[in-house]
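# Breakdown of the fold
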Amino acid sequence: MPHPIAPPLARRALLALAGFLVSTTLAAGADAILEGRVAHATLGTYLGNARVTLGPDRVTFTDEFGHYRFTAVPAGEARVRASYTGLPAVEKAVTLAPGARAQQDFALGEAVDPRAPVRLDAFVVAAAREMSGAALAVNEQRFTQVIKTVASTDAFGDIADGNVGEFVKFLPGVSLGFSGGHAASISVGGMPPESTPIMIDGNRVASATAETRQVQLDQISINNMARVEVVRSQNPDNPASGIGGSVNLIPKSAFERRAATYTLKAYGVFRDHALKRGGPYKIVPNYEVSAIVPLTPRLGFALNATSSETQSAQYASTPIWVPTASATSANLPATTPQLPYLARYEFADSPKGTKRQSAGFSADWRFAANDVLSVGLQYGFFNELLNSLPRDRIILNPGRVVAWGPDFTQGAAGAGSAQLNYSTRDVTGTTYQPNLRWRHNGPVWKLEAGGAFSRSSYHDRNVDKGFWGPLDAYRRNLTIRFDNHNYLRPGGIVVTDAAGQRVDTFKLAGYRLETVGSSPVDRLDYVRSASVHARREFDLGVPVAIKAGFDYGAQTRDLRSGAVTYSHVGADGVAQTADDEVAKWFSPRYVNRHAPWGLPIQEGISSVAVYDAFKAAPNHFQLTAANEVTGFRNRVNGSKRMTEAISAPYLRFDATSLLDRRLTLTGGVRYERTEFEGVGPSINPAAIYQRDAAGNIVRNAAGQPVAIAALASLAGTQLAYRERGATTERSYGNLYPSLNASFQVRPDLVARLSYAKSIARPNLNHILPSLSLPDETTTARTVTLTNPNLEPWEADSYGLALEYYFSERSAGLLSARGYLREIKNFWGAVTAPITAELIDIYGLDPNIYGPARGFVVSTRQNVGDARVTGAEFDYRQNLTFLPRWAEGLAVFANLTVQHLEGGALADFTSFVQKTVNYGVTFNRARFTARVNVNERGRERRALFTGAGVEPGTYEYMAPLTTVNITTEYRFARAYAAYATVRNLFNAPENLERYGPNTPGYAKLRQRTDFRPLWSVGVKATF
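Treat the numbers as computed from the prediction; the structure is a model and nothing was measured.

The pairing of strand 45 (residues 889-902) with strand 47 (residues 914-923) spans 9 bridges and is antiparallel. Following the sheet pairing, L889 is matched in strand 47 by F922. Examined bridge by bridge, strand 47 and strand 48 (residues 927-936) share 9 bridges and lie antiparallel to one another. Among the inter-strand pairings, F922 is bridged to a residue of strand 48, identified as A929. A loop of 3 residues connects strand 47 with strand 48, the two strands running antiparallel in sequence.

So this is what it looks like as structure tokens:
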């Protein structure tokens, strides 16, 4: 399907921009131009956003490369002053000749001998680097025109696997989503992760997730980045989709350094299980190299490459309670919420190996005095090996429950089963993003144009890698009893066979292979982005800068998946007989496993060996007619594609010298136009019937419809299930104004106020077309479909912040921020009479599926409004006032509290009410130690409904506290040894599911233990 091109609005915006450029004449020639660069004397880095003043009236700030410029400077002697938070200011006199261009550079901070003793105001280079991250963030926040947090990627020490989420989780207002023990997504301002834009250098990042807008972090490495920006208020030149905030990753650049720097790292990464002898785990070597090379003042490049691998334990205890985790049924009798019972217990030992490779390249060329051309490439590769270590799950199912109490569950005699479930996969993904940008910083005009292309892939494989995906073996006809319930698991498990003999379900004896399968997944995501803008200052009584620009972005997501199941019948051709025993595939890799929580070690089999048996004797595995039908339907349901294009012209103004230069206003308006096209599955059971020339169903003498083929057959399924048979097109647009104001109450106290109107577009699984019709010849009347006309969330957001900055030597701040976000058009699941609008979208016959015939639709609609209120408190400081023995101490702490209210919040997931971060760094010339703590509050997830389920039953991620420690010893000027540990005290992830009256012992849905992650290595910096 061709993707949409920029609509006429885009062309009109570009013409308007061109008119803006040519309609204004150049200012009168200036007497002189004064320019230069501001650097950190000790670190050798150029300082972005340094404040530079010329005389008593003129102020400017350096760009990201440390450059500043004053135009129209009168000839003669002038005094210029450069300052940066945390460093002593420097003032110099410069003589300017008429019409000349003068260069005045600054080096802030005293350069010291690296062999000298540490002094509070003069750390050696390596020690200063450890402390500079806080100063950078504080300075950027102090002089920014929006409410945001900026952090150097050195701020929290080494990140073992380069996961961006493990870095940003220590910043205020940020919470993470987890998957498999790794940070998988980022949320800002209480909004769901799919509503939090993540960009690299201002360009959107492709992410081949399923049917969500969420950006997965697996293929993005923090090691390629120099800084991270978390923006909490919006300007017109920012995407309006940052409804709660956005994250922008700034790649490393050679123009940020005065001299070449080369870094090499070699380290081993391991879980603590790798230290136990004879086990399957090991210490895995990892490597990282980087080069930041300014070849000349006008040309430089930065290069970074990382190869990492980790092995993770994944112990999971999963009690299934009725009615909080499972609905009632014929085999699971109804009970009261106050007296739940354990209907099933699952234990999983599912370790995995994860490989990551990343690379980043950027080059900057100042090809003219006022022009810089930048090119870059970010690359990430991810490989999750779910067959490299022994992994399985055991499921103990009483089958039918006949008696229960607060501390026991009794299953019916012979109705239970023990199941061995294996999920072995090889998951790979690649993301790359080339980009190009031109910047012109002229005496009158500031111009910029650029673009990027981002591609992400995700492939989930098994049989083509030589092993099965899902694999299930059972012991049946068992009687199962659970006793002594506690929060984690049943204290006693008694399993007996038909003869009344005890059965050890953790041994392979008696298990028979029943099914194997393959479940391939292929996902591709393409993002194309381009932007252009022009900025110029005007004298309207006060200096006002006007910026006009245009952004364009298009995304294409292609999804394909389909699971196929085979039944194992063995040599005798009969399922569930003696020749289906699994012991012949026993794997010795399971012998030295380490079982947690007092459970016995589980024996296991090799999925590779079972697949080899299939290759040797394929007739022992049958693809039944029913399995073939299911496989076809899975492929149809898993095949979808969408393209979305967003065009956004905007106009921004900046007034920076109001009220004696104490008040700064930034605002304007942005218009975003969205064009959406999508295709997905169409399911129409009535397509199996013969029809006459008029399209009516042919009936036999008894009045029954005549079928071409039965729906349950493959031929009938192929008639009823049409791959990508449902299509939709949609467009919408709106204006999004914003305003930011900052007022300098006193030199060290800043007040800020912000307003923005923003948007959160519906998740793809809600708008990608998917249609399931009932058989019109039956009494069924419910049409199940997605709603492509679902309106986006729109929010009016207000923010108020007060920031106090400590003295220069302390390099810290104390800030408080409150915000209010009024959201309308919340989404919710509804069942209502079908509408003419939905009938038209899907091209249905209104005479058949109209509301007059009683048809209703099960879909999502905009059902209500919501309000998010919150507050953030942030404290960071280098404790320079302490006695000499405590030199080098720095601390940080931040608190985020949020409240959500509204009448229809079922779709508002990933909301964390409270997050606390704090840490301390102790820095000496040769030694650095850092402790960082993240306390993540309770996260409410999806609403759970079903027969017998108490209203108000939700799934939650329980509060989680993790402690990270980093240490480094510099045994020579260029060499250091270091060690890190993530989650030192092995805090598990607890998913809970409960309602208002669920007792505490029945709240756990699943506990997962991943073990602490250690990293020990050496690094050299030249």
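Right, let's talk about the sheet that holds strand 5 (residues 76-84) for a bit. Pairing between sheet strands relies on hydrogen bonds along the backbone, with the strands arranged either parallel or antiparallel. With antiparallel pairing, 4 strands are arranged side by side in an open sheet as 3-2-5-6. For this open sheet the edge positions go to strand 3 (58-61) and strand 6 (87-96), each flanked by a neighbour on one side alone. With direction set aside, neighbouring strand axes in the sheet form an average angle of 20°.

With that out of the way, let us pick up helix 4 (residues 607-616). The set of residues buried in helix 4 consists of S607, V610, Y611 and F614. The buried side chains of helix 4 occupy one side of the element, clustering within an arc of 100° when seen end-on. Exposed positions of helix 4 whose direction lies more than 90 degrees from the buried face are K615 and A616. Residue S606 occupies the N-cap position of helix 4, its side-chain oxygen lying 3.3 Å from the main-chain nitrogen of V608.

Okay, the pattern of salt bridges next. A side chain of one charge can pair with a side chain of the opposite charge if their charged atoms are brought near each other. Per the counting criterion, the structure on display carries 53 salt bridges. Between R670 and D551 there is a salt bridge, with its nearest N and O atoms 3.0 Å apart. Linking R670 in strand 37 (residues 663-683) with D551 in strand 33 (residues 543-561), this pair joins segments that are 119 residues apart in sequence. Exposure class is identical for R670 and D551. Each is buried. Salt bridges linked by common partners bring D558, R560, R641, E723 and R724 together as one network.

Criteria and thresholds
Residues numbered from 1 in each chain as written. Predicted model: local features only at pLDDT ≥ 70, side-chain atom pairs only at ≥ 80, totals over all residues. Heavy atoms only, no water. Pairing = 2+ DSSP bridges. Helix = DSSP H or I, 4+ residues; strand = E, 2+ residues; numbered from the N terminus. Axes fitted to C-alpha atoms, helices over the stretch in contact; angles between N-to-C directions. Buried < 20%, exposed > 50% of the residue type's maximum accessible area, 1.4 Å probe, protein only. Arc of directions from axis to C-beta. Polar contact = N/O pair within 3.5 Å; in protein donor to acceptor, adjacent residues only side chain to side chain. Salt bridge = Lys/Arg side-chain N within 4 Å of Asp/Glu carboxyl O.

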